[in-house]
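# Architecture at a glance
The lines below spell out each chain.
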Amino acid sequence: MADFDVIVWGATGFTGRLVAEYLAERHGPGEGGGTDARVSWTIAGRNAKKLETLRAELGATGDALPVLVANSSDVDSLREMVRRTRVVCSAVGPYAKYGSDLVRVCAEEGVDYCDLAGEVHWMRRMIDEHEATAGTNGARIVHSCGFDCIPSDLGVHYVQRVMHERHGVYAREVKFRALDFKGGMSGGTADSMMYMLEETERDPGIRRVMQNPYALNPGEEKGLDGPDSQAAFYDEDFHTWAGPFMMAGINTRVVRRTHALLGYPYGRDFRYGEAMLTKDGPVGFTSAVVVSMGSAAMTTMTTFPSIRHLLARFVPKPGDGPSHAAREAGYFKVALLGKHPEDADKDVLVDVQGDRDPGYGSTARMLGESALCLALDGLNSPGGITTPAASMGDALLARLSDHAGVTFSEG
Ligand SMILES: NC(=O)c1ccc[n+]([C@@H]2O[C@H](COP(=O)([O-])OP(=O)(O)OC[C@H]3O[C@@H](n4cnc5c(N)ncnc54)[C@H](OP(=O)(O)O)[C@@H]3O)[C@@H](O)[C@H]2O)c1
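This text gives an overview of the structure that appears in the document.

Conventions used here
- Residues numbered from 1 in each chain as written.
- Predicted model: local features only at pLDDT ≥ 70, side-chain atom pairs only at ≥ 80, totals over all residues.
- Heavy atoms only, no water.
- Helix = DSSP H or I, 4+ residues; strand = E, 2+ residues; numbered from the N terminus.
- Buried < 20%, exposed > 50% of the residue type's maximum accessible area, 1.4 Å probe, protein only.
- Contact = heavy atoms within 4.5 Å.
- Pairing = 2+ DSSP bridges.
- Axes fitted to C-alpha atoms, helices over the stretch in contact; angles between N-to-C directions.
- Phe/Tyr/Trp six-rings, centres within 6.5 Å; stacked < 30°, edge-to-face > 60°.
- Lys NZ or Arg CZ within 6 Å of the ring centre and 35° of its normal.
- Near = heavy atom within 4 Å.
- Polar contact = N/O pair within 3.5 Å; in protein donor to acceptor, adjacent residues only side chain to side chain.
- Areas by Shrake-Rupley, 256 points an atom, 1.4 Å probe, with all protein chains shown as cover.
- Nonpolar A, V, L, I, M, F, W, Y, C, P; charged D, E, K, R; others polar.
- Domains from an automatic or database assignment.
- Expected span 1.5 Å × (residues − 1).
- Salt bridge = Lys/Arg side-chain N within 4 Å of Asp/Glu carboxyl O.

Turning our attention to the environment of Gly273. In this structure, Gly273 sits in strand S10 (residues 271-277). For Gly273, a relative accessible area of 26% translates into the label partly exposed. With 20 residues separating them in the primary sequence, Gly273 and Arg253 have C-alpha atoms 9.9 Å apart. Residues within four places of Gly273 in sequence aside, it is in contact with Val174, Lys175, Phe176 and Arg177.

Given below as structure tokens:
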């Protein structure tokens, strides 16, 4: 019997701290408090002093919230931590730099795991190396439980549920469209992006993985979806101009993996794409072109180490991120359109909204609820390197709407 339901590893980091604050608010600090006394959780990281300071700030004592020290460079410390819990919730990134041994140990020990990874090439590596072990031992390893990619992955799940309930069929195509969002970036996210670019420079094979629309599918799969669109285009369904959405390279891969893990319920010809909407008319066209050119320029410029070093001076440092006020003032709104296979009048439109900034305020809640869902909701999903929708589906949808300020509704 594990000592804890959930351990938040990396609780002293910018996002990890928000997850710990959220769990403290929801369930009290440690065992036996808050609104739901069933939950026992605690904090872990590499620095005992920082963890003790955080514990004091959360208003907890040592008994209620024992701090656990585990460093990514010490596999024994990771194993000791993993053996004490039902779920490890990791906010230690860059994941490609610090996260591999933890995934391996969770797979070996049969312990569930969730994180905020957006590094597709690393997730591919984890699938190749640990899928079989995690499956055998029943460990659900769930990457990308934040803004990327829960609104996309659960958004598709929700659209298809409504389509099937209403019309008895599934949409063959779902379009995700980012409508509006407000938020900032943390040092850990900037660090993860920089680290990914450095890795790509050392191993050009990584670029091929990231460009593959089916990079996370089991085996060498192909489908109807091509590379993510980088161009401005007019979206006939939304009657407005659109440009590339910056998270599409992660989200679309996860959605396609979910579909494969579920056994292709929407058909082998299912298509999924993401874009950001601007407006109709000349202003919308200009904005879409600017988004498209900005995205292309950023991709090209960051391939040069000298430009990366220059950029590194202006982005937040690890541990930093948007202020409390900025997180509270933040929000996101996206729409997903499920296209009926035969009748456009039966298309299903869904809104997904968050009442905090997407990257941190809402993300911390999505990650916290994912960890609680894995620990407490009696899911019967199998072990493996899985996805939010494939492993948690409706249970997580309900948690997010009920507690996390992330809602899914018919538009
Ligand atoms: N997908 C999404 O939507 C999303 C959103 C937000 C963040 N993220 C990702 O989440 C990750 C964390 O971001 P962040 O801004 O919170 O980063 P951060 O503030 O830099 O925090 C990193 C955490 O990792 C810990 N750490 C570093 N090296 C370690 C090691 N060797 N062993 C154990 N712990 C170690 C740090 O400990 P110390 O405190 O002791 O330094 C800190 O707790 C990043 O990869 C970021 O890209 C994703």
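Here we take up the sheet that holds strand S9 (residues 240-243). One open sheet holds the seven strands; their spatial order is S8-S9-S10-S7-S11-S12-S14, and the pairing between them is mixed. Each of the sheet's edge strands pairs with one partner strand only, and the pair in question is strand S8 (233-235) and strand S14 (406-410). For this sheet, the mean angle separating the axes of adjacent strands, direction not counted, is 35 degrees. The pairing of strand S7 (residues 173-182) with S10 spans six bridges and is parallel.

It is worth spelling out the pairing of strand S4 (residues 85-90) at this point. For a regular strand, side chains alternate in direction, first toward one face of the sheet and then toward the other. The buried count for S4 comes to five of six residues, which makes it a mostly enclosed element. Pairing analysis gives five bridges linking strand S1 (residues 4-9) to S4, with the strands arranged parallel. When the bridges of S4 are listed, Trp9 appears paired with Ser90. Here S4 runs beside strand S5 (residues 112-115); their pairing, made up of four bridges, is parallel. Pairing of Val88 across the sheet is with Tyr113, part of S5.

A separate point is unusual backbone geometry. Backbone torsion omega between Gly93 and Pro94 reads 0 degrees, so that peptide bond is classified as cis. For Pro94, the position within the fold is in the loop between S4 and helix H4 (95-98). In this structure, the amide linkage connecting Asp148 to the following residue, Cys149, adopts the cis form with an omega of 15 degrees. You can see Cys149 is positioned in the loop between strand S6 (140-142) and helix H7 (150-167). Unlike most non-glycine residues, Ser144 shows phi in positive territory, near 60 degrees. By secondary structure assignment, the location of Ser144 is in the loop between S6 and H7. A relative accessible area of 0% means that Ser144 is categorised as buried. Unlike most non-glycine residues, Tyr264 shows phi in positive territory, near 60 degrees.

Here we come to the pairing of strand S11 (residues 331-339). With nine bridges joining them, S7 and S11 adopt antiparallel strand pairing. Within S11, the residue paired with Glu173 across the bridge is Lys339. Bridge count between S11 and strand S12 (residues 348-354): seven bridges; the pairing is antiparallel. In the strand pairing of S12, Leu337 is matched with Leu349.

This brings us to the packing of aromatic side chains. For any two aromatic rings, the description comes down to two numbers: the centre-to-centre distance and the angle of the planes. Throughout the structure, instances matching the rule amount to eleven aromatic pairs. Both rings, one in Phe147 and one in Phe332, keep their centres 5.0 Å apart while their planes meet at 55 degrees; by these two values the pair is tilted. Taken together, the positions of Phe147 in the loop between S6 and H7 and Phe332 in strand S11 put the pair 185 residues apart, joining distant regions of the chain. Given the relative accessible area of 0%, Phe332 is considered buried. Of the aromatic side chains, those joined through ring pairs into one cluster are Phe147, Phe176, Phe181, Phe245 and Phe332. The ring of Tyr214 carries the charged tip of Arg256 above its face, separated from the ring centre by 5.3 Å. The ring centre of Tyr264 lies 3.7 Å from the NZ or CZ of Arg268, which sits over that ring.

As a structural note, the neighbourhood of the ligand is formed by 31 residues, with Thr12, Phe14, Thr15, Ser186 and Ser192 the closest of them. The separation between an oxygen atom of the ligand and a polar side-chain atom of Lys50 is 2.8 Å. In isolation the ligand offers 940 Å² of accessible surface; the protein chains occlude 92% of this area. Elements supplying a minimum of two residues to the shell around the ligand: helix H1 (14-27), H4, helix H8 (187-202) and helix H14 (358-376). Here the residues of the shell around the ligand are counted per class, giving twelve nonpolar, 16 polar and three charged. Each of two domains, domain 1 (4-146 + 360-401) and domain 2 (150-357), supplies a minimum of three residues to the shell around the ligand.

What follows is about H1. When the terminal C-alpha atoms of H1 are compared, their 20 Å separation across 14 residues agrees well with the 20 Å that a helix rising 1.5 Å per residue should span. For H1, the buried fraction is high: eleven of the 14 residues fall into the buried class. Every buried residue of H1 is accounted for by Phe14, Thr15, Gly16, Leu18, Val19, Ala20, Tyr22, Leu23, Ala24, Arg26 and His27. Downstream of H1 by one or two residues, Gly28 has phi in the positive range, about 80 degrees.

Let us now look at the pattern of salt bridges. Scanning the entire structure with this criterion turns up 32 salt bridges. The shortest N-O distance in the salt bridge between Arg172 and Asp269 comes to 3.7 Å. Highlighted residues: Arg172 in the loop between H7 and S7 and Asp269 in the loop between helix H10 (248-261) and S10, separated in sequence by 97 residues. Using a relative accessible area of 34% as the deciding quantity, one classes Asp269 as partly exposed. A salt bridge links Asp225 to Arg271; the nearest nitrogen and oxygen atoms lie 3.6 Å apart. Taken together, the residues Asp225 in the loop between helix H9 (205-211) and S8 and Arg271 in strand S10 connect sequence positions 46 residues apart. By relative accessible area, Asp225 is classed as buried at 9%.

Honestly, that's just the spatial picture; any functional story needs more than this.
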